[in-house]
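Report on the structure
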Amino acid sequence: MPTIKGHRRKGDLNGSIELAEDKVVSRYALEFVVLADNASQGPIAIRSTVGLPLVGLSTYAYQGESDLTAVCKRKTPRQDKKQARVWYVLCEFDNDPNSESQEDEQNQPGATNRPAVINWDSEYGEEVLYEDFSNPPKPILNPVGQPYDPPPTRRVIHPVLTIERYQSTFVPATIIAYVDHTNELAFYGAAPGHALMANIRARQVVEESQLLWLVTYKIRFAINNDGFKLKPLNQGSHYSTVAYTGDDTTLRPFLNGQVPYIGNLNADGTKAALGSPSYGSFEGYPSADFDDLTL
């Protein structure tokens with residue numbers, strides 16, 4: 001079993017007293033240093049270390065000081081980034097009946113039956129900007145109707161969802177089947193093609209005397225109307241004299257005098273009027289049914 005190596009009062013919750021409407025609210029936090037038996041032990045095994053406060057049961061006590069009204073509400077383990085066997089467990093106490101609390105540890109379900117831990121974050125990305133944000137949008141072209149080379153780009157923010165849960169089994173084929181795939185059906189409010197499975201990471205851990213998998217799913221969401229589709233500007237070295245049907249005899253080169261150049265095309269392959277380009281639409285990623293993962 002993991003063992004406690006020490007503890008201290010911690011951070012902003014280093015003891016505070018607040019006046020609520022009908023009572024005095026006390027808040028405290030203790031951080032325990034726990035040494036795991038081996039690097040494979042996970043957060044559930046660490047939370048269960050003998051001597052740690054029990055959520056919903058233990059009251060605050062530190063170096064002879066105690067508060068019998070402040071009950072442990074939350075217990076959060078984190079692993080040392082440099083030493084895999086060293087963990088820090090933050091235990092938060094208060095006597096506020098309205099504060100958020102984890103489930104009492106006496107009634108805690110098994111690891112694989114617990115709800116997944118869900119976190120939202122954001123990441124910066126970059127995309128080519130083909131049109132500006134005027135109303136209506138204008139194509140971003142130089143004064144003679146041609147695209148800039150290199151094209152202008154802009155920074156975009158992607159909402160990122162991280163889902164972490166325990167599983168009794170995990171197969172690497174799951175990574176191949178879902179990573180770099182978009183959602184085939186609606187997912188967490190995102191339309192098909194707007195959620196991209198960015199990463200799946202699985203780590204084998206020992207929890208409750210079982211060998212389990214702690215699996216983390218990372219999903220990145222698109223913020224534009226096209227989702228993760230590719231939207232290139234229709235242009236090329238040749239244009240078609242009629243709506244192109246695959247007959248290469250209709251193709252003519254873009255020439256300025258005798259100098260070839262890259263010109264803009266209509267959606268049917270014919271030569272576009274100056275300043276009126278069109279854009280293609282292609283599936284940038286394969287899709288998968290995220291519902292099969294029961295996330």
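Here is a short report on the structure shown in this document. Keep in mind the model is a prediction, meaning the values are calculated, not measured.

Regarding the overall build of the protein
Secondary structure summary: the protein contains 2 helices and 18 strands in total. Relative to the 2.2 N^0.38 estimate, which gives 19 Å for 295 residues, the radius of gyration of the protein is 29 Å and therefore markedly larger than a compact globule would have. Relative to its full complement of 295 residues, the protein shows a buried share of 35%. Put simply, of all contacts in the protein between residues at least 6 apart along the chain, 67% involve residues at least 24 apart. When the accessible surface of the protein is split by element, carbon and sulfur atoms take 52% of a total near 17,400 Å².

Comments concerning the pairing of strand S6 (residues 86-94)
Across the 9 residues of S6, 8 count as buried, placing the element largely inside the fold. Examined bridge by bridge, strand S3 (residues 24-35) and S6 share 9 bridges and lie antiparallel to one another. Bridge pairing in S6 places Ala29 opposite Glu92. Alignment of strand S5 (residues 65-79) against S6, held across 8 bridges, turns out to be antiparallel. Its bridge partner being in S6, Val71 is matched across the sheet by Asp94.

Topic: the pattern of salt bridges
For the structure shown, the criterion picks out 15 salt bridges. Note that Arg9 is salt-bridged to Glu65, the shortest N-O span being 2.6 Å. You can see Arg9 sitting in strand S1 (residues 3-9) and its partner Glu65 sitting in strand S5, a full 56 residues away along the chain. Looking at Arg9, the relative accessible area reads 28%, which means it is partly exposed. Residue classification places Glu65 among the partly exposed residues on the basis of a relative accessible area of 38%. A salt bridge links Glu31 to Arg78; the shortest N-O distance between them is 3.4 Å. One end of the pair, Glu31, is in strand S3; the other, Arg78, is in strand S5, and 47 residues separate them in sequence. Among the residues examined, Glu31 registers a relative accessible area of 4% and is labelled buried. One network of salt bridges, with partners in common, ties together Arg27, Lys73, Arg74, Glu92, Asp94 and Asp96.

Conventions and cut-offs
Residues numbered from 1 in each chain as written. Predicted model: local features only at pLDDT ≥ 70, side-chain atom pairs only at ≥ 80, totals over all residues. Heavy atoms only, no water. Helix = DSSP H or I, 4+ residues; strand = E, 2+ residues; numbered from the N terminus. Rg over C-alpha atoms; globule rule 2.2 N^0.38 Å. Buried < 20%, exposed > 50% of the residue type's maximum accessible area, 1.4 Å probe, protein only. Contact = heavy atoms within 4.5 Å. Areas by Shrake-Rupley, 256 points an atom, 1.4 Å probe, with all protein chains shown as cover. Pairing = 2+ DSSP bridges. Salt bridge = Lys/Arg side-chain N within 4 Å of Asp/Glu carboxyl O.

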